[in-house]
Protein chains: 2
Amino acid sequence: MENIYRTPSAHSEVHLGASILVVEDEAAIQELIALNLGQAGHEAVSAMDAQEALQRVRDSLPDLVLIDWMLPGMSGIDLVRRLRTNERTRNVPIIMLTARADEIDKLAGLESGADDYITKPFSIRELNARIKAVLRRRAPQMTEDPVNFKDLTLDPGTHRVSVKGSEISLGPTEFKLLHFFMTHPERVYSRTQILDHVWGDHVFIEERTVDVHIRRLRSALEPSHSDQLLQTVRGAGYRLTALP
Amino acid sequence: MENIYRTPSAHSEVHLGASILVVEDEAAIQELIALNLGQAGHEAVSAMDAQEALQRVRDSLPDLVLIDWMLPGMSGIDLVRRLRTNERTRNVPIIMLTARADEIDKLAGLESGADDYITKPFSIRELNARIKAVLRRRAPQMTEDPVNFKDLTLDPGTHRVSVKGSEISLGPTEFKLLHFFMTHPERVYSRTQILDHVWGDHVFIEERTVDVHIRRLRSALEPSHSDQLLQTVRGAGYRLTALP
DNA sequence: GAGCGCTGTAACATTATCGTCACAAGTTGT
DNA sequence: ACAACTTGTGACGATAATGTTACAGCGCTC
């Protein structure tokens, strides 16, 4: 299922000048990759171990992370898992680097949440191709354009929401929820659909949780006549509408 | 006859009343799962080994098969393979249960053709969520196209109904009832048929209940000369018609 | 490590809707 | 016209769906 919310810092021209974090303990390979990335027009940031990587990802939300399978301390796969389970870093694209062309490694890397993998030794050309592919795959899904609906304005870029001109503050989930509704107005969505779109497909969350967030969103929109905008359709779900 | 409203209701979720085969040799887990499935509204059928499972799948084509990784005789993976290579059983959704969170197990299970996997111990909630996800993935999409009839308009997407342009509000059942009639106009349906189509097949409801809902629907459509549209055919049933 | 904001869930409160009944009203056949 | 039957109608608990509140956990900041 499509996930509209690739939250991370994503601009429309991600293919060039992307910031890429390289997590690799061998200095030689590290430098080789960094050099190559630089030539390709990207900005390379490096981390020597998983801890440092976590820090940097949280810090600067790179457009892509290259992770070596073998790392001192926390393994590459564990690192992927950590990144995937954190709300903020969940959607950062990841490419794994595996030393052996071993089937299991590849699959385990993918399974754990990586977007792609490359087996060493790899050619520079192959690396570039895959980076481009991953970035491109992610790019079209990010809707960073400001959205308007009635007297609501939501700007994913600046992460701001305003009602009738005056700005309000929303938590991350309420923000995504509102963004989803504003990009899909006038249409009824079941709790399950909302969970799939806003939270993500593979999440095990009580459907009633949606209700609570709807309420929170409503009360945040309170100043406006939000009850009119975000209405509940009994037996079906919720809907954002301009009509009465 | 086509039946739009088979089991699922048009807009809410689809995963009730599914028949699920549980292939598990440990009686305790077997029962636990069966009990849970029953509570979730599904019909649980069980098989203790792969042979029995094959038989039952071929026999009754369940909506979903839960297969334990470790089975006496033929392994779970082999069972999956057998099911996948058989024309008749090729498309039955499968969820694997793996005892250890071992990477290889998971991957081999998916690789061999399962739709999803769960590692034991798993929470009831997770099981339910995955079952729902798999069933939903397979569920046929109900047509969400707006329907028009005379001066009536019904839009499943926005869940709105309007008579001569002005919107009216209907409860879920009346909504489905009207949708059914609008998609099957000019034809008489008995109370039993209406129950089957709108409520679902195996419901135990008084036929006279249909009358009451017809009345409610009529009075909701009142503003228009609905008495003409939704007419009674004595001794036979009801019909939505444009003719006088 | 204490404080803080956010989240998911449970528990309770509140409605909306449902299914059924009893009876009224209408229809049919004789 | 009368009985036998079918359908309309309004009311009424029961129930399921939603609103609302409170709370405990978690990660993050300082």
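Residues numbered from 1 in each chain as written. Chains lettered and ligands numbered in written order. Predicted model: local features only at pLDDT ≥ 70, side-chain atom pairs only at ≥ 80, totals over all residues. Heavy atoms only, no water.

A. Broad picture of the packing of aromatic side chains. Residue and element names in this part refer to chain B. Applying the stated rule across the entire model yields four aromatic pairs over all chains. Seen from their ring centres, Phe180 and Phe181 are 5.5 Å apart, and the 55° between their planes marks the pair as tilted. Taken individually, Phe180 and Phe181 each receive the classification buried, so the pair is uniform in this respect. Both rings, one in Phe180 and one in Tyr189, keep their centres 4.8 Å apart while their planes meet at 65°; by these two values the pair is edge-to-face. Like Tyr189, Phe180 is buried. (Phe/Tyr/Trp six-rings, centres within 6.5 Å; stacked < 30°, edge-to-face > 60°. Buried < 20%, exposed > 50% of the residue type's maximum accessible area, 1.4 Å probe, protein only.)

B. Up close: helix H3 (residues 76–85) of chain B. Of all the residues in H3(B), the buried ones are B:Gly76, B:Ile77, B:Leu79, B:Val80, B:Leu83 and B:Arg84. All buried residues of H3(B) fall inside an arc of 155° around its axis, so they share one side. (Helix = DSSP H or I, 4+ residues; strand = E, 2+ residues; numbered from the N terminus. Arc of directions from axis to C-beta.)

C. Highlighting the protein's contact with DNA strand C. Among the 25 residues in the neighbourhood of DNA strand C, the closest are listed as A:Thr173, A:Arg216, B:Thr173, B:Thr209 and B:Arg216. Within 4 Å of the protein, the atoms of DNA strand C are drawn from sugar and phosphate moieties in a proportion of 67%. One nitrogen or oxygen atom from the side chain of B:Arg234 is found 3.2 Å from a base nitrogen belonging to DNA strand C. For the surface near DNA strand C, the secondary structure elements donating two or more residues are helix H6 (172–183) and helix H8 (208–221) of chain A together with helix H6 (172–183) and helix H8 (208–221) of chain B. Across the surface near DNA strand C, the residue classes tally to nine nonpolar, seven polar and nine charged. (Near = heavy atom within 4 Å. Polar contact = N/O pair within 3.5 Å; in protein donor to acceptor, adjacent residues only side chain to side chain. Nonpolar A, V, L, I, M, F, W, Y, C, P; charged D, E, K, R; others polar.)

D. Region of the structure containing the pattern of salt bridges. Residues and elements named next belong to chain A. In total, this model carries 11 salt bridges over all chains according to the counting rule given. With a shortest N-O distance of 3.3 Å, Glu52 and Arg56 are connected by a salt bridge. Residue Glu52 and its partner Arg56 are both found in helix H2 (residues 50–60); the two are separated by four residues, about one turn of the helix. A relative accessible area of 26% means that Glu52 is categorised as partly exposed. Taking the shortest distance from any N to any O, the salt bridge between Glu167 and Arg160 comes out at 2.7 Å. (Salt bridge = Lys/Arg side-chain N within 4 Å of Asp/Glu carboxyl O.)

E. Structural detail: the sheet that holds strand E9 (residues 166–168) of chain A. All names here are of chain A. Across the sheet, four strands lie side by side as E6-E7-E8-E9; this open sheet has antiparallel pairing. Among the strands making up the open sheet, the edge pair consists of strand E6 (147–149) and E9. The average angle at which neighbouring strand axes cross in this sheet is 25°, direction not considered. Pairing geometry for strand E8 (residues 160–163) and E9, over three bridges, is antiparallel. When the bridges of E9 are listed, Val163 appears paired with Ser166. Docked against the sheet, H6 engages E6, strand E7 (152–155) and E8, running at close to 115° with respect to E7. (Pairing = 2+ DSSP bridges. Axes fitted to C-alpha atoms, helices over the stretch in contact; angles between N-to-C directions. Contact = heavy atoms within 4.5 Å.)

F. Inspection of the nonpolar core at higher detail. Residues and elements named next belong to chain B. Formed by 28 residues in total, the largest nonpolar core has its most connected members in Leu170, Leu178, Phe181, Met182 and Ile194. Mapped by element, the contributors of at least two residues to this core are strand E6 (147–149), strand E7 (152–155), strand E8 (160–163), H6, helix H7 (191–199), H8 and strand E12 (237–240). Broken down by element, this core gets its largest block of residues, six residues, from H6. The contacts of Phe181, once residues within four sequence positions are left out, are Tyr189, Ile194, Ile214, Leu230, Tyr238, Arg239 and Leu240. (Core = buried A, V, L, I, M, F, W, Y, C linked by side-chain atoms within 4.5 Å.)

G. Spotlight on the sheet that holds E12(B). Residues and elements named next belong to chain B. Strand order in the open sheet made by the three strands is E10-E12-E11, with antiparallel pairing throughout. Of all the strands in the sheet, just strand E10 (188–189) and strand E11 (230–233) have a single pairing partner and so form its edges. Relative to E12, E11 is paired through four bridges, and the arrangement is antiparallel. In the strand pairing of E12, Gln231 is matched with Arg239. Here H8 sits on the sheet and contacts E11 and E12; the angle it forms with E11, its principal contact strand, is near 150°.

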